[in-house]
Amino acid sequence: MIRSLLTFASLLLAVSPVSAQNIRAGIIGLDTSHVLAFSKTLNADPQKPEVMGVRMVAAYPQGSKDIESSTKRVPEYTEKVKAMGVEIVPSIEALLEKVDVVFLETNDGRPHLEQLLPCLKAGKPVYIDKPIAGSLVDAVKIFDEAKKAGVPVFSSSSLRFGADTQAVRGGSIGKVKQAETSSPASLEPTHPDLFWYGIHGVESLFTVMGKGCQSVKRSTTADGKIQVVGTWEGGRTGTYTEGKGYTGKAIGEKGEAAVGSSAGYDPLLVSIVHFFRTGVAPVSPEETLEIYAFMEAADESKRQGGAEVTLKSVMDKAIAEARR
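Every value quoted in this text rests on a predicted model; they were computed, and no experiment measured them.

### Some details on the overall build of the chain
Right, so step 1: Looking only at helices and strands, the chain has 13 helices and 13 strands in total.
Right, so step 2: Rg of the C-alpha trace for the chain: 19 Å, near the compact-globule value of 20 Å for 324 residues, within the 12% margin.
Right, so step 3: With the principal axes as the frame, the chain shows a C-alpha extent of 50 × 45 × 40 Å.
Right, so step 4: In the chain, which comprises 324 residues, the proportion classed as buried is 56%.
Right, so step 5: Put simply, of all contacts in the chain between residues at least 6 apart along the chain, 76% involve residues at least 24 apart.
Right, so step 6: Working note: accessible area of the chain is about 13300 Å², and carbon and sulfur atoms make up 50% of it.

Shown next, in the form of structure tokens:
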């Protein structure tokens with residue numbers, strides 16, 4: 001299903017990395033705590049060896065325009081990043097004149113496509129924080145536009161880079177036959193249910209299961225929490241359940257292991273820096289789009305009273321709308 005969508009690997013390998021030894025990074029959107037964590041690590045003195053030479057030098061504060069939990073953070077976070085030596089600029093265009101690479105950090109996924117386009121036009125590689133967009137349609141458009149521009153982008157939750165999850169991804173228990181993950185899932189009415197925060201647990205689930213999810217069914221647990229069961233090719237199953245913490249378990253050909261724990265932001269940041277230096281994304285567009293199709297299909301299953309919904313059906317619909 002996703003094979004027919006976009007083939008980005010060859011493009012990313014062909015893209016020239018940011019060649020400067022010292023890379024100037026910029027932020028769009030100061031309405032998430034991620035910007036404080038990233039800026040603190042990049043602008044530390046001395047720097048950690050893994051991020052050596054990359055500095056956060058400028059930020060455009062405007063993020064969400066109407067989500068209160070985001071807008072109320074901007075004044076405080078603006079002052080905090082200024083105190084770390086980050087220059088505040090009045091527009092995205094002004095930001096792009098001062099930086100080599102971009103962290104698109106706006107907490108609200110809806111404006112991401114609009115905010116990304118000038119970065120692509122300027123040829124700046126971009127890390128797009130979760131959620132990649134406010135809809136599956138916009139997520140498809142984002143990768144289409146990046147491919148057209150020949151500019152590398154990627155998006156991921158920090159939960160992908162937890163040590164236990166990465167070990168299983170790397171084959172520690174062989175091919176995973178079954179997995180379950182859990183994370184908080186606070187909702188934001190402007191986004192599909194799991195886009196806003198459930199993405200963390202869903203990202204962990206796909207990190208260990210990989211691509212190939214065919215359908216999902218959504219239900220609720222006995223205590224009213226969201227539960228989504230996905231069926232992968234070969235009859236493998238992966239389950240996301242809303243919960244208080246970041247936990248999970250994977251069962252593979254060689255045993256089982258804990259997965260889904262949080263390792264903070266630094267492992268993600270190290271991966272982003274490597275992406276900026278090489279031009280090669282650590283997560284393929286195909287996998288990211290399948291993750292968001294899983295979450296969109298979960299909403300469709302909810303609308304249909306818990307019916308099984310194929311990822312192909314929601315992806316085909318999104319592609320048709322995105323490219324109309």
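Read on, since the account is not over.
### Remarks on the pairing of strand E10 (residues 237-242)
Consecutive side chains of a regular strand alternate in pointing toward one face of the sheet and then the other.
Right, so step 1: Burial within E10 is extensive, with 5 of its 6 residues counted as buried.
Right, so step 2: Of the strand pairs in this sheet, strand E7 (residues 176-183) and E10 are connected by 6 bridges, and their pairing is parallel. The residue bridging Ala-179 from the neighbouring strand is Gly-238, located in E10.
Right, so step 3: Where strand E9 (residues 226-232) and E10 come together, 5 bridges link them in antiparallel fashion. Following the sheet pairing, Gln-227 is matched in E10 by Thr-241.
Right, so step 4: Linking two consecutive strands that pair antiparallel, namely E9 and E10, is a turn of 4 residues; a positive phi of about 85° is found at Gly-234 within it.

### Comments concerning the nonpolar core
Note on soluble globular proteins: their nonpolar side chains tend to be buried together.
Right, so step 1: Core analysis: the largest hydrophobic core is formed by 64 residues, its most contacted members being Leu-194, Phe-294 and Met-295.
Right, so step 2: At 8 residues, the largest contribution of residues to this core is made by helix H12 (residues 285-303).

### So, the environment of Leu-36
Right, so step 1: Inspection of the secondary structure assignment puts Leu-36 in helix H2 (residues 34-42).
Right, so step 2: The spacing of Leu-36 and Glu-300 is 264 residues in sequence and 35 Å in space, taken between C-alpha atoms.
Right, so step 3: When residues no more than four places from it in sequence are discounted, the contact partners of Leu-36 are Tyr-77, Lys-80, Val-81 and Met-84.

### Here's the deal with the packing of aromatic side chains
Right, so step 1: Summed over all chains, the structure comprises 12 aromatic pairs.
Right, so step 2: The interplanar angle of 75° and the centroid separation of 5.0 Å between the aromatic rings of Phe-154 and Phe-275 together place this pair among those described as edge-to-face. In this pair, Phe-154 is assigned in strand E6 (residues 153-155) and Phe-275 in helix H11 (residues 266-278), connecting sequence segments 121 residues apart. As far as burial versus exposure is concerned, Phe-154 and Phe-275 are alike and both buried.
Right, so step 3: Measuring from centroid to centroid gives 5.4 Å for Phe-275 and Phe-276, while their planes differ by 40°, and the two rings are tilted.

### Description of the sheet that holds strand E8 (residues 213-220)
Right, so step 1: Reading across from one edge, E12-E11-E7-E10-E9-E8-E13 is the order of the 7 strands in this open sheet, with mixed pairing throughout. At either end of the open sheet lies a strand with only one pairing partner, and these are strand E12 (255-258) and strand E13 (309-310).
Right, so step 2: Against the sheet, helix H10 (residues 199-209) touches E7, E8, E9 and E10, its axis set at about 165° to E7.

### Side note on unusual backbone geometry
Right, so step 1: Cis geometry is adopted by the peptide bond preceding Pro-46, which originates at Asp-45 and carries an omega value of 5°.
Right, so step 2: Tracing the backbone shows Pro-46 in the loop between H2 and strand E2 (54-60).
Right, so step 3: A cis amide bond links Lys-130 to the next residue, Pro-131, at an omega of -10°.
Right, so step 4: Mapped onto the secondary structure, Pro-131 falls in the loop between strand E5 (126-128) and helix H7 (136-149).

### Quick look at the pairing of strand E11 (residues 247-252)
Right, so step 1: As defined by bridge partners, E7 adjoins E11 across 6 bridges and the pair is classed as antiparallel. Bridge assignment links Ala-179 to a residue of E11, and that residue is Ala-250.
Right, so step 2: With 4 bridges connecting them, E11 and E12 associate as antiparallel partners. Bridged to Lys-249 within E12 is Ala-258.
Right, so step 3: The turn linking E11 back onto E12 is made up of 2 residues.

### Notes on the confidence of the model for the chain
Right, so step 1: In the predicted model, the chain carries a mean pLDDT of 94, and the fraction of residues at 70 or more is 94%.
Right, so step 2: Per-residue pLDDT stays below 50 along residues 1-16; that stretch engages in 33 contacts with residues further than four places along the chain or on separate chains.

### So, the side chain of Glu-203
Right, so step 1: Topologically, Glu-203 is positioned in helix H10.
Right, so step 2: By relative accessible area, which is 3% here, Glu-203 ends up buried.
Right, so step 3: Side-chain polar atoms of Glu-203 contact the side chain of Arg-160, separated by 2.8 Å.
Right, so step 4: Excluding residues that lie within four positions of it along the chain, Glu-203 makes contacts with Ser-156, Ser-157, Arg-160 and Ile-291.

Cut-off values and rules
Residues numbered from 1 in each chain as written. Predicted model: local features only at pLDDT ≥ 70, side-chain atom pairs only at ≥ 80, totals over all residues. Heavy atoms only, no water. Helix = DSSP H or I, 4+ residues; strand = E, 2+ residues; numbered from the N terminus. Rg over C-alpha atoms; globule rule 2.2 N^0.38 Å. Buried < 20%, exposed > 50% of the residue type's maximum accessible area, 1.4 Å probe, protein only. Contact = heavy atoms within 4.5 Å. Areas by Shrake-Rupley, 256 points an atom, 1.4 Å probe, with all protein chains shown as cover. Pairing = 2+ DSSP bridges. Core = buried A, V, L, I, M, F, W, Y, C linked by side-chain atoms within 4.5 Å. Phe/Tyr/Trp six-rings, centres within 6.5 Å; stacked < 30°, edge-to-face > 60°. Axes fitted to C-alpha atoms, helices over the stretch in contact; angles between N-to-C directions. pLDDT = per-residue confidence, 0-100. Polar contact = N/O pair within 3.5 Å; in protein donor to acceptor, adjacent residues only side chain to side chain.

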